Structures are given as C-alpha cells and as structure tokens.
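In case you want the letters, here they are:
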There are 2 protein chains.
Amino acid sequence: MDSVAGPLSALIGEFEKLPTIGPKTAARLAFYLLSADPDDAAALARAILDVKERVRLCSRCFSLTEDDPCPICRDPLRDGTTLCVVGEPKDVYAVERTMSFRGRYHVLGGLISPMNGIGVGKLKIKELVERVAAESVREVIIATNPNAEGESTALYLARLLSPAAVNVTRLAYGLPIGGDLDYADEITLARAFEGRRSL
Amino acid sequence: MDSVAGPLSALIGEFEKLPTIGPKTAARLAFYLLSADPDDAAALARAILDVKERVRLCSRCFSLTEDDPCPICRDPLRDGTTLCVVGEPKDVYAVERTMSFRGRYHVLGGLISPMNGIGVGKLKIKELVERVAAESVREVIIATNPNAEGESTALYLARLLSPAAVNVTRLAYGLPIGGDLDYADEITLARAFEGRRSL
C-alpha cells in the first residue's frame, strides 16, 4: 500500500483508527475525499480541529458546550425544576433527539463501575446534590443506561437524594417500539410485564 | 442538536456527508474524536488536507502518487514487461493488497460506458497503446471490473492490441459477477490472477 501514494495510505491509516471503520471503509472514505470538492475536505479537517479546540464541559451540567454555561443551561424556556441525569455527554444528544424533554440536564461523566475503578468520587454526584439543593429542582429523572452499571448508579442516586424534597424517577423499562414480542429478551419482557399500565 | 455544542454538530454534519456514514456512526465518530488524543485528531485532520494537496496522477501509469513518476513506475524490481490495466486508481490498491502481482500498472481513468457518456477518448487508451509499443511489454493483463462496462472495455482493448506482439489476458472469472473490483477479498482476487486466460 505504501508504495502507491504516501498521503493516501496515511489517510487510510488514520481512518482505520476510528471505531466501526474497517480497512475497506477506510479506503473508501479516503478515495471519496480524494475526489471530493477541496472545500468539503477542508471543512471536515477544520471541524475535527474545532471540536478539539472549542468544545469543553459546561461548568453547571457538565455536558459539552462551546460557551459556558451551555445553551440549555442558559435557555430561560427550559424547565429548571426538572433535571435529567445521564452518564455521558452523548446521552444528552440522544435525549434531545427525542424532542420530548424540555427540562435541564446533569451529566455524571460516567457510571458507578467498581470493575473499571469508577467510584462515586470520580463522578459529578456531589455537584448533582448541590444543584438539587440550590436550584429548586422538583423532579430528578434518572436516565442512566439500562444495564447493571446504570441500574446501580440509579439506585445509589435515589438513596442519596431521598432526604431532599425531590421526586426521583427512572426511565421506564419495556418493549422497544417497532420490535417483535418474541424477539425481546426475557428480562426486558419481564420488565414490560411489571410496568404494565391500564389502557 | 445545535443547542448542545456547535462544533460537535458541525463535525457530525461533515461526517454524515461521507459515503457509508449514517447519522449514528457520524455521532459516534465525532464523540470518539472529542475524547481522543489531540495528536490523533490533528493527524487525521492533517492527513485529510495532505491527501488533497499532495496526491496527483502519475504521468506514466495514471495511478495516484505523491512523486511523479510513481514509486511503482520507478521501482526497478517491478517487472516492466507485464502491465496490469485497471479502471480506477483504487483498483491499483486492490491488486497491490493481494501481493501477487509484481508488474506495473496502467490506469484508464474509468471504463467505457456510453450510458454515462464515457467514450474511448476520455480514457487513457491512446497512452496504453503507446506504452505497449514503447516499453517492450509482453503481457497486458486486463483487470477491469467484472461487470458489463469492464467486460466491454476488456474486449475493446483486446481487439485494439491484437496487432501488437503482446499477449492480452483477462482476470479469471473467480470474481463475483456484478461486483466492484476493490470489494473483492484478497484471496479471490489472487486466484483470479493465477487463473488469467488469453483473450
């Protein structure tokens, strides 16, 4: 490969380092950029540098932002009495895409995971407790991942916040929309039964 | 999305423009780069710019190169009596990956395709005939795509080169019909080289 064109193999190599990109996709992307409009290629390169230089954590909710505090924390139309707690900044994007939440966020920066050496002290949990006390929060929606780490983090937070005059809720477990009943795993299906509601 | 972090949405948007990259992969790549080593992100950005600035066509074989003539055309250990004719520069990479060809290349810059307005005059066919006459070529291996356009280009070239004292061969049909050359796995492509036959 190196014998053909150095910068091209270099670019293929850089693409291959990215997650989900195998050698063939890397080559396809590199050849695409080679024949793409130079302005488009420059825009991609610029966007990569920008994201490293200009994105940081919001000092209030710890999600990603260019300006501090972030646009969601500054937005007076967002409901400050409802706080959605997530593990990672990317989870904020996932919730925002649903267009169904108009409160504010609190990003823990991870989930409690003794296996990976992530204890309570490494997460923005103290900051969450302080915000709940200071910002007249009425509901804390815990939207951590539906797995063991997300579950234990949720239970820990619920116990920690129980003295505060705040309603702590957790996202519902159930069947994914559009799925088949017989494709659902047993645990999900059992949770869907537990969480059944009157029609 | 825009409300969360401008440079991040910008990067996701740029990734989405690339082939095979959907919105979720674009987001995943952007978040990966955000948490990646700044040097790795800078290397990717640099590689994108380099490929646009420094890669051009070899004036002899018309494959991609940083220096002209390309390393394969300059390499005295490559067999100058065997010429592999391919449609696109990326096909050179596909053949090189098999490690089973030690001759030189000739890139047509496309395949004959009346449907897409690509006639003989738009391809480096005159240059191929000139090279065959000037470079004491003994075998021309036609490695165009195993589809209708590649096949008609191969037949056209075989007829065109028949007056020359040169053996014209075509890659064996171990290649899956209807596919693209650079999608073939290395073993299939290597087998196709071994089984090449006179036209």
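Since the structure is predicted, the reported quantities are computational estimates derived from the model, not experimental observations.

Trainee: Outline the overall build of chain A, supporting the account with residue identities and numerical values.
Mentor: Counting secondary structure elements, chain A contains eight helices and six strands. The C-alpha radius of gyration of chain A comes to 22 Å, more than 25% above the 16 Å expected for a compact globule of 199 residues. Reported as C-alpha extents along the three principal axes, the dimensions of chain A are approximately 65 × 45 × 35 Å. Across the 199 residues of chain A, 41% fall into the buried class. Taking as baseline every contact in chain A between residues at least 6 positions apart, the subset at least 24 positions apart corresponds to 48%. With 24 positive and 27 negative side-chain charges, chain A shows a separation of 5 Å between the mean positions of the two kinds.

Trainee: Which residues make up the interface of chain A and chain B, and what values go with them?
Mentor: With 53 residues of chain A at the contact, the number on the chain B side is 56 residues. Viewed at the interface, chain B and chain A are joined by six residue pairs in polar contact (both at pLDDT 80 or more). Breaking the side of chain A that touches chain B down by element, the ones donating at least two residues are helix 1 (6-16), helix 2 (23-35), helix 3 (38-54), strand 2 (64-65), helix 4 (71-74) and helix 5 (89-98) of chain A. In terms of residue class, the side of chain A that touches chain B is built from 34 nonpolar, six polar and 13 charged.

Trainee: Any details on the environment of Gly103 of chain A? Residues and values, ideally.
Mentor: Residues and elements named next belong to chain A. Structurally, Gly103 is set in strand 4 (residues 103-107). On the basis of relative accessibility, which here comes to 2%, the residue Gly103 falls in the buried class. Not counting residues within four places of it along the chain, the set of residues in contact with Gly103 comprises Ile72, Arg78, Asp79 and Thr82.

Trainee: Tell me what's going on with the pairing of strand 5 (residues 139-142) of chain B, and back it up with residues and numbers.
Mentor: All names here are of chain B. Neither face of strand 5 is exposed, since Glu139 and Ile141 on one face and Val140 and Ile142 on the opposite face are all buried. The pairing of strand 3 (residues 79-86) with strand 5 spans four bridges and is parallel. Looking at the pairing, Leu83 lines up with Val140 of strand 5. Sheet topology note: the strand 5/strand 6 (residues 167-170) ladder contains four bridges and is parallel. Looking across to strand 6, one finds that Glu139 is bridged to Asn167. As for the winding sense of the linkage, the β-α-β connection from strand 5 through helix 7 (residues 148-161) to strand 6 is right-handed.

Trainee: So what's going on with the sheet that holds strand 6 (residues 167-170) of chain A? Which residues, and what values?
Mentor: Residue and element names in this part refer to chain A. Read from one edge of the open sheet, four strands run 4-3-5-6, paired in parallel fashion. Each edge of the open sheet carries a strand with a single partner, namely strand 4 and strand 6. Strand-to-strand twist of the sheet, defined as the mean angle between neighbouring strand axes without regard to direction, takes the value 25 degrees. Two elements, strand 3 (residues 79-86) and strand 4, share five bridges in a ladder whose sense is parallel. Directly across from Val86, in strand 4, lies its bridge partner Val107. Lying on the sheet, helix 5 is in contact with strand 3 and strand 4; it crosses strand 4 at an angle near 155 degrees. In the packing of helix 7 (residues 148-161) onto the sheet, contacts are made with strand 3, strand 5 (139-142) and strand 6, and the angle to strand 6 comes to roughly 170 degrees.

Trainee: Got a sec to walk through the packing of aromatic side chains? Specific residues and values, please.
Mentor: All names here are of chain B. Within the structure shown, the criterion is met by four aromatic pairs over all chains. Ring geometry for Phe101 and Tyr105: centres 5.2 Å apart, planes at 65 degrees, overall edge-to-face. Judged on exposure class, the residue Phe101 and its partner Tyr105 are both buried.

Rules of the game
Residues numbered from 1 in each chain as written. Chains lettered and ligands numbered in written order. Predicted model: local features only at pLDDT ≥ 70, side-chain atom pairs only at ≥ 80, totals over all residues. Heavy atoms only, no water. Helix = DSSP H or I, 4+ residues; strand = E, 2+ residues; numbered from the N terminus. Rg over C-alpha atoms; globule rule 2.2 N^0.38 Å. Buried < 20%, exposed > 50% of the residue type's maximum accessible area, 1.4 Å probe, protein only. Contact = heavy atoms within 4.5 Å. Lys, Arg positive; Asp, Glu negative; His and termini not counted. Charge placed at Lys NZ, Arg CZ, Asp CG, Glu CD. Polar contact = N/O pair within 3.5 Å; in protein donor to acceptor, adjacent residues only side chain to side chain. Nonpolar A, V, L, I, M, F, W, Y, C, P; charged D, E, K, R; others polar. Pairing = 2+ DSSP bridges. Right-handed = clockwise from strand over helix to strand, strands pointing away. Axes fitted to C-alpha atoms, helices over the stretch in contact; angles between N-to-C directions. Phe/Tyr/Trp six-rings, centres within 6.5 Å; stacked < 30°, edge-to-face > 60°.

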